[in-house]
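An overview of the molecular structure
Spelled out from the first residue to the last, the chains are:
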Amino acid sequence: TAATRPIVDESRIVAFDDPFKLVAQAKSPGNTKITFAVGELTRHIEIHVEPPTNPQELILEPEKLDVSVDAQVAWKLKGRFADDRVVDLTSVAECTPRVDDPFFVDRGLVRGLEAGEGKLLVQYRATPDSEYMSAEIPVVVTQVPFRSLELSVSPADLHVGQLGEVAVTAIADDGSR
């Protein structure tokens, strides 16, 4: 419920970064207690955070990126672990730009700079002592004339401090997005 606010004993272990979502993010290994209260009702939960490890497999999505010059598309790096859980690693992935690539890479986004082809190489390691793992997908940048833009915000009505997801979609002359 929106009236519930978590109180974390050890915020270096677990934190709630978005005050409007009850999503706990593991920050470092250890144990902590989180207390939730609504009115006079109170409950506690114990959280155990394991040290980071490399996944069994990296999954780079989509399998191929098609982007227009001056447009950008999103990619995600996911890790599949031995217990079959899949974790989004995009925010901690490393990308090494190549001088001859016709695109620019930033966390989770590829922006087309000029028409051409290249490969997006993404690396991940759980700790500085872990071996690097890598995944690669082809990127094709084309020059496409746009005729319109579609905009959306989700949710449409925001409260002060709330985050809204804005989507901008360019429509080409042939109707492709």
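I will try to describe carefully the structure that is included in this document.

Moving on, we get to the overall build of the protein. Tallying secondary structure elements over the protein gives zero helices and 17 strands in all. Radius of gyration (C-alpha) of the protein: 21 Å, far over the 16 Å computed for a compact globule of 177 residues. Taken over the C-alpha atoms alone, the protein extends approximately 60 × 45 × 25 Å along its principal axes. In the protein, buried positions account for 26% of the 177 residues. As presented, the protein carries roughly 12,000 Å² of accessible surface, and 51% of it is formed by carbon and sulfur atoms.

Attention now moves to the packing of aromatic side chains. By the definition in use, this model includes one aromatic pair. Seen from their ring centres, Phe-16 and Phe-36 are 6.3 Å apart, and the 90° between their planes marks the pair as edge-to-face. Linking Phe-16 in the loop between strand 2 (14–15) and strand 3 (25–26) with Phe-36 in strand 4 (residues 30–38), this pair joins segments that are 20 residues apart in sequence. The exposure class of Phe-36 is partly exposed, given its relative accessible area of 24%.

Turning our eyes to something else, we now look at the sheet that holds strand 15 (residues 133–142). Judged by pairing direction, the sheet is mixed, and its four strands sit side by side in the order 7-15-14-11 without closing on themselves. In this open sheet, the two edge strands, each paired with only one partner strand, are strand 7 (65–68) and strand 11 (94–95). The pairing of strand 14 (residues 116–124) with strand 15 spans nine bridges and is classified as antiparallel. Among the inter-strand pairings, Leu-121 is bridged to a residue of strand 15, identified as Glu-136.

Taken in spatial order, the three strands line up as 6-9-10 in an open sheet, and their pairing is antiparallel. Here the strands that pair on one side only, and so sit at the sheet edges, are strand 6 (57–61) and strand 10 (86–88). Adjacent strand axes in the sheet meet at a mean angle of 30°, parallel and antiparallel pairs treated alike. Pairing of strand 6 with strand 9 (residues 76–80), which is carried by five bridges, proceeds in the antiparallel orientation. Residue pairing in the sheet places Leu-60 in a bridge with Leu-77 of strand 9.

The final tally for this structure, using the stated rule, is seven salt bridges. When the shortest N-O distance is used, the salt bridge between Arg-12 and Glu-10 registers 3.4 Å. When the shortest N-O distance is used, the salt bridge between Glu-61 and Lys-78 registers 3.2 Å. Remark: Lys-78 occurs in strand 9 and Glu-61 occurs in strand 6; sequence separation between them is 17 residues.

Before going further, it helps to examine the pairing of strand 4. Where strand 1 (residues 5–8) lies against strand 4, four bridges are found, and the strand directions are antiparallel. In the sheet register, Pro-6 faces strand 4, and the bridge partner there is Phe-36. The sheet contact formed by strand 4 and strand 5 (residues 41–49) spans nine bridges and is antiparallel. Residue Phe-36 lies in a different strand from strand 5, and its bridge partner there is Arg-43. The hairpin formed by strand 4 and strand 5 contains two residues between the paired strands, and Gly-39 there has a positive phi angle of roughly 60°.

Basis of the calculations
Residues numbered from 1 in each chain as written. Predicted model: local features only at pLDDT ≥ 70, side-chain atom pairs only at ≥ 80, totals over all residues. Heavy atoms only, no water. Helix = DSSP H or I, 4+ residues; strand = E, 2+ residues; numbered from the N terminus. Rg over C-alpha atoms; globule rule 2.2 N^0.38 Å. Buried < 20%, exposed > 50% of the residue type's maximum accessible area, 1.4 Å probe, protein only. Areas by Shrake-Rupley, 256 points an atom, 1.4 Å probe, with all protein chains shown as cover. Phe/Tyr/Trp six-rings, centres within 6.5 Å; stacked < 30°, edge-to-face > 60°. Pairing = 2+ DSSP bridges. Axes fitted to C-alpha atoms, helices over the stretch in contact; angles between N-to-C directions. Salt bridge = Lys/Arg side-chain N within 4 Å of Asp/Glu carboxyl O.

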